[in-house]
Amino acid sequence: MEQRAFVKMIHAFQRRMNIASVLQKSIAALCIGAAAGILFQAAALVVPFYYASLYSGLVLALSLLTALVLAYVKRISPEQAALAMDSFGFDERIITAYECLGQESVLVRLQREDAMNQLAEHQDRIRLALLPSWKKPVLLLGFLAVMSGLALLPSAVKERARELHEVRKEAREQMKELDELASSIDKLAQEEISQEQKNTLQEMLGSLEASRTEFEQADSAKLLSAATNKLEYKYAMMGSELEEFAKRLRDGVAASPMTAESMQVLAERMQELGGMQLAKGTGAQTGSNQQGQSGSQNGQGSSGSQAGQNGNGSQNGQNGSGSQTGQSGNQMSDHSKGSGRGVGSDSIPHDYVSVPNDIADSGNLTGNVANHEASEYFRAQNGLGWEGEHTTYESVLGSYEQKAYEGIAAGQYPSNMEEVIKEYFSSFNQ
Amino acid sequence: MDMLDQNLLQNPGYVAQRIAACELEIQKGMIGQHEIIRQVMIAMLTGGNVLLEGMPGLGKTRLVSTIAKVFELSFKRIQFTPDLMPSDVTGTNIIIKNERGSAFSFERGPIFANLVLADEINRATPKTQSALLEAMQEHTVTVGNESHALAEPFFVLATQNPIENEGTYLLPEAQLDRFMFKILVRFPSKKELRGIVELTEGVQPPPLQRQFDGAGLLAARALVGQIPVADAVMDYLLEIVMATHAPNPYIREGASPRAAQAMIRAARAKAFLEGRFNVSFQDVKETAYPVLRHRIIPSFDAISEGVSEDAIIQGILEDRKV
């Protein structure tokens, strides 16, 4: 046997040992990973654990990665391969010959010849299985099957975990937005504004902090919805207040224009959020309603803020602009709310609640409000912007009051507004 | 080293063949005890001294005399007794009278031989025992102010009786460490005993033939010292020696560094005797017992529980799988 062939044989065996090492370590590691995955999946049947499948996959991938890294770090050297070959009855001839390859004494030469002769003669002794015994692969397949079975097994706990996950995800998004706004408000509070405004801003911060706590504690869709509704309301209120502040600041001379601008931007952001979140409302909040609004906006070129979609199906509507025609329903002094049934451009009936910037009696709105009869309205100045019908408040007051009290009971409104709502409805009964 | 030795050094295969022939010839004169013969051969190939422990009449003297014949070496036997003096071993200066007057002349003792059998070494006083120390380690004898070199190859084979300890002087650890091997001579089997009886009491066997000589033995020693050892094998050997110093309830004191030197030499010699020019793990394992058994000092627990040195060594070897 040539010396080169001798070395080549050792290196070939080294490669084979490395492949076997990778395969064996991978199977062993995957067995451990699959066992851990089974534990995750079993835990997901007992306690809400949304990421059980993700963690199972991760631990499998991690175990495989660990096995590969381990196989690389502990990769077989040519000396180890030679030693392993010697274990097939060569009495350390091969490793000795390999280590003495550079030496040329009489004894070393004789030893090398002896090793090569022995290797050539008994080459068939050297056998190395790439895969471990059949037990480990079978065990791995069994573990993977059990893990997959548990992952696909439906259960109420898993549903609960899924719901919790969605709630927390939504809550996190809300809190992130809330924190940004709170930070902006906090910055505004540091500006040169009046003490009264500062106090109001501090109250806003406190109110947002309360909402944050509600989001943190929300562990069901119902609680999350309630917290969201409260926050929407707060956004709308705060937006209006901030807009008012901004207007005052612009009119005054004490504050910098930058502060007024910042406040205006924040106000618009809050009003937008309030409107956007209301638009996300559930229940009877339908596409037809959106279409109706769209028609309305196109017609009006509305300058007012679109706000006030109460998306629980019972209180639908919009913040219309002063240019809306034929505003009907119950209207409050500054944030007047109208109620009635609107028809969009595609003539699909829809419910709405509008809070126009101007009240009906201001003269900006046209239409017969006084006779409380169903009628059609149009804006003569800019063309047809909105049409619908309205009815007497007595006909809807009962259901509205009931929904409001249900909302209070469900915690849908800020606690400090509950009394206001009750007083509002009780005033109709006096 | 003369020309012949140089030729031998260039022909390791031939030397190995001659040594193997010597072993076979020794086995003709000794029935059984193949393991003992092999271990004594290993010690001779490495220049080590051997302590044989066994009952009287097991063929210890015959073994040494047979080796001497096969290698054509000089052989002396010293019976150690309590009244044996150091000068009885090493020799002494005596006054010589001649025509020119009288003068001191060194009279060589029985230690001046290639093979020395120190029979029942533990019966002599420590002073006399220690007279062997310099000879065993340095291969010289110093009397007065003069040192005398011993003839090479020099080989001491001492015996001691495991029983009848009364009136004996146990060899101190320092002296025990000078012996490369401690070999336990066990009683022969019935079949071997029959062979021994037939060999000694029957027809006179054919005389033993010289197979090699002292120069050949020295050449073999030089070759054995050149046998390469793989790193893994060396590590294994060192781990075994180090393990005698690891916490072990049965070991009071571990083996000295001389043990590691003796083990590697012995493992090389064993490989050479088997016709290999490399040391295997098995060589190390098999030589661990005779090298270590007199170098580790058992603890009180081992003595009280009857755990022998060989059992301790076996435990160490079993803990280190290769």
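Residues numbered from 1 in each chain as written. Chains lettered and ligands numbered in written order. Predicted model: local features only at pLDDT ≥ 70, side-chain atom pairs only at ≥ 80, totals over all residues.

A closer look at the overall build of chain B
Where we set the bar: Secondary structure counts use DSSP, requiring at least four H or I residues in a row for a helix and at least two E residues in a row for a strand, with both numbered from the N terminus. We call two residues in contact when the distance between their C-beta atoms, placed using the backbone, is within 7 Å.
When its secondary structure is counted, chain B shows 14 helices and 11 strands. A separation threshold of at least 6 residues defines the contact pool for chain B, and within that pool the share at least 24 residues apart is 77%.

Concerning the overall build of chain A
We count it as follows: As a rule, residues whose C-beta atom has 12 or fewer other C-beta atoms within 10 Å are exposed, those with 20 or more are buried, and those in between are partly exposed; C-beta atoms are placed from the backbone.
Broken down by element type, chain A carries 13 helices and 3 strands. Across the 430 residues that make up chain A, the buried fraction comes to 37%. Long-range contacts, defined here as pairs at least 24 residues apart, represent 69% of the contacts in chain A between residues at least 6 apart.

A few points about the environment of Asp91(A)
Tracing the backbone through its elements, the reader meets Asp91(A) in the loop between α3 (78-86) and α4 (93-99). Its 21 C-beta neighbours within 10 Å are what place Asp91(A) among the buried residues. Through-space distance from the C-alpha of Asp91(A) to that of Ala115(A) is 9.4 Å; in sequence the pair is 24 residues apart. Excluding anything up to four places from it in sequence, Asp91(A) contacts Asp86(A), Arg276(B), Ser280(B) and Gln282(B).

Some thoughts on the interface of chain A and chain B
It is common to give the size of an interface as the accessible area lost on bringing the parts into contact. Across the boundary between the two partners, chain A contributes 15 residues, which contact 18 residues of chain B. Elements represented by at least two residues in the side of chain A that touches chain B include exactly α4 and α5 (106-121) of chain A. No other element matches the 6 residues that α5(A) contributes to the side of chain A that touches chain B.

A short note on the pairing of strand β5 (residues 115-119) of chain B
All names here are of chain B. This is how the line gets drawn: Strand pairing is assigned whenever DSSP detects at least two bridges linking the two strands.
Most of β5 is tucked away, with 5 of its 5 residues classed as buried. Across 5 bridges, the pairing between strand β2 (residues 75-79) and β5 is parallel. If you follow Gln79 over to β5, its bridge partner there is Asp119. Inspection of the sheet shows β5 paired to strand β8 (residues 155-160) by 4 bridges, in the parallel sense. In the sheet register, Ala118 faces β8, and the bridge partner there is Ala158.

Here we look at the sheet that holds β5(B)
Residue and element names in this part refer to chain B. To be explicit about the condition: Axes here mean lines fitted to C-alpha atoms, for a helix over just the part in contact, with angles spanning 0 to 180 degrees between N-to-C directions.
Here we have 5 strands laid out as an open sheet, ordered β2-β5-β8-β1-β9, and parallel in their pairing. Looking at the sheet topology across the chains shown, the edges are occupied by β2 and β9 (179-185). Neighbour-to-neighbour, the strand axes of this sheet turn through a mean angle of 20 degrees, independent of strand direction. In this structure, strand β1 (residues 49-54) lies alongside β8, joined through 4 bridges in parallel fashion. Counterpart to Leu51 in the pairing with β8 is Ala158.

Regarding the packing of helix α3 (residues 34-46) of chain B against helix α9 (residues 214-224) of chain B
Axes are the key here: two packed helices are described by the angle between their axes and the distance separating the axes. Residues and elements named next belong to chain B. Stated formally: Roughly parallel means an angle under 35 degrees; roughly antiparallel, over 145; roughly perpendicular, 65 to 115; everything else is oblique.
Closest axis-to-axis distance for the α3/α9 pair is 7 Å, and the angle between their directions is 85 degrees. Viewed along their axes, α3 and α9 adopt a mutual orientation that is roughly perpendicular. In this structure, α3 uses Met44, Leu45 and Thr46 to contact α9, whose residues at the interface are Leu217, Ala220, Arg221 and Val224.

Here's the deal with helix α8 (residues 195-217) of chain A
Residues spaced three or four apart along an α-helix face the same direction, because each turn holds 3.6 residues. Applicable threshold: Multiply 1.5 Å by the residue count of a helix minus one, and that product is the helix's expected span.
Its 23 residues give α8(A) an end-to-end C-alpha distance of 33 Å, which sits within 8% of 33 Å, the value for a rise of 1.5 Å per residue. All buried positions along α8(A) are accounted for by Gln197(A), Leu201(A), Met204(A), Leu208(A), Ser211(A), Glu214(A) and Phe215(A).

A short note on the nonpolar core
Residues and elements named next belong to chain B. Put simply, the test is: By definition, a nonpolar core groups buried Ala, Val, Leu, Ile, Met, Phe, Trp, Tyr and Cys residues that are joined through C-beta atoms within 7 Å.
Of all hydrophobic cores here, the largest spans 113 residues; its most connected members are Val50, Leu115, Met263 and Val284. Among the elements that take part in this core, helix α11 (residues 257-273) stands out by supplying 10 residues, more than any other. Once you skip the residues sitting within four places of it in the chain, Val284 turns out to touch Val233, Tyr236, Leu237, Ile240, Met263, Ala267 and Val279.

Describing unusual backbone geometry
Residues Glu152(B) and Pro153(B) are joined by a peptide bond in cis, for which omega reads -5 degrees. Structurally, Pro153(B) can be placed in the loop between β7 (146-149) and β8. With a phi close to 60 degrees, Glu92(A) is a non-glycine residue in the positive phi region. Positionally, Glu92(A) belongs in the loop between α3 and α4. You can call Glu92(A) buried: it has 28 C-beta atoms within 10 Å. Even without a glycine there, the phi angle at Glu72(B) is positive, about 55 degrees.

Brief notes about the environment of Asp88(B)
As for its placement among the helices and strands, Asp88(B) is situated in helix α5 (residues 86-90). For the pair Asp88(B) and Ile78(B), spaced 10 residues apart in sequence, the C-alpha to C-alpha distance is 8.9 Å.

Thoughts on the confidence of the model for chain B
Segments scoring low in pLDDT should not have their predicted coordinates read at a detailed level. Here is the rule we go by: Note on scores: pLDDT gives the predictor's confidence for each residue, bounded by 0 and 100.
Scored by pLDDT, chain B comes out at a mean of 87, with 98% of its residues at no less than 70. The secondary structure element of chain B with the lowest average pLDDT is helix α1 (residues 3-9) of chain B, at 64, and the one with the highest is helix α10 (residues 231-243) of chain B, at 95.

Some points on the pairing of strand β3 (residues 91-98) of chain B
Residue and element names in this part refer to chain B. When you tally the buried positions in β3, you get 0 out of 8 residues, a small fraction of the element. Both β3 and strand β4 (residues 101-108) contribute to a ladder of 8 bridges, which runs antiparallel. The partner of Asn93 across the bridge, within β4, is Phe106.

Quick look at the environment of Ala124(B)
Residues and elements named next belong to chain B. In this structure, Ala124 sits in the loop between β5 and α6 (126-138). You can call Ala124 buried: it has 27 C-beta atoms within 10 Å. Each C-alpha atom, one on Ala124 and one on Thr168, is 7.1 Å from the other, the two residues being 44 residues apart in sequence. Setting aside residues up to four positions removed in sequence, Ala124 forms contacts with Phe80, Thr81, Pro82, Leu84, Gln129 and Tyr169.

As for the confidence of the model for chain A
Residues and elements named next belong to chain A. Across chain A, the average pLDDT comes to 74, with 70% of residues at 70 or higher. Model confidence for chain A, summarised as mean pLDDT per element, is weakest for helix α11 (residues 287-300) at 34 and strongest for helix α2 (residues 52-73) at 94. Across residues 277-362, confidence stays below pLDDT 50; counting only partners more than four residues off in sequence or on other chains, it has 207 contacts. Taken as a whole, residues 372-380 scores under 50 in pLDDT and shows 26 contacts with residues more than four places along the chain or in a different chain.

Quick word on the packing of α3(B) against α11(B)
Residues and elements named next belong to chain B. Cut-off, in case you're wondering: In a left-handed crossing the near helix is turned counterclockwise from the far helix by less than a right angle, and in a right-handed crossing that turn is clockwise. Residue type decides the class: Asp, Glu, Lys and Arg count as charged, Ala, Val, Leu, Ile, Met, Phe, Trp, Tyr, Cys and Pro as nonpolar, and the leftover types, Gly among them, as polar.
In contact at an axis separation of 9 Å, α3 and α11 are set at 115 degrees when each is read in the N-to-C sense. What the angle tells us is that α3 and α11 run roughly perpendicular. Helix-helix and strand crossings are classified by hand; for α3 and α11 the assignment is right-handed. For the pair α3 and α11, contact is made by Arg38, Met41, Ile42, Leu45 and Thr46 and by Arg265, Ala266, Ala269, Lys270, Phe272 and Leu273, respectively. A class-by-class count of the residues in the contact of α3 with α11 yields 7 nonpolar, 1 polar and 3 charged.

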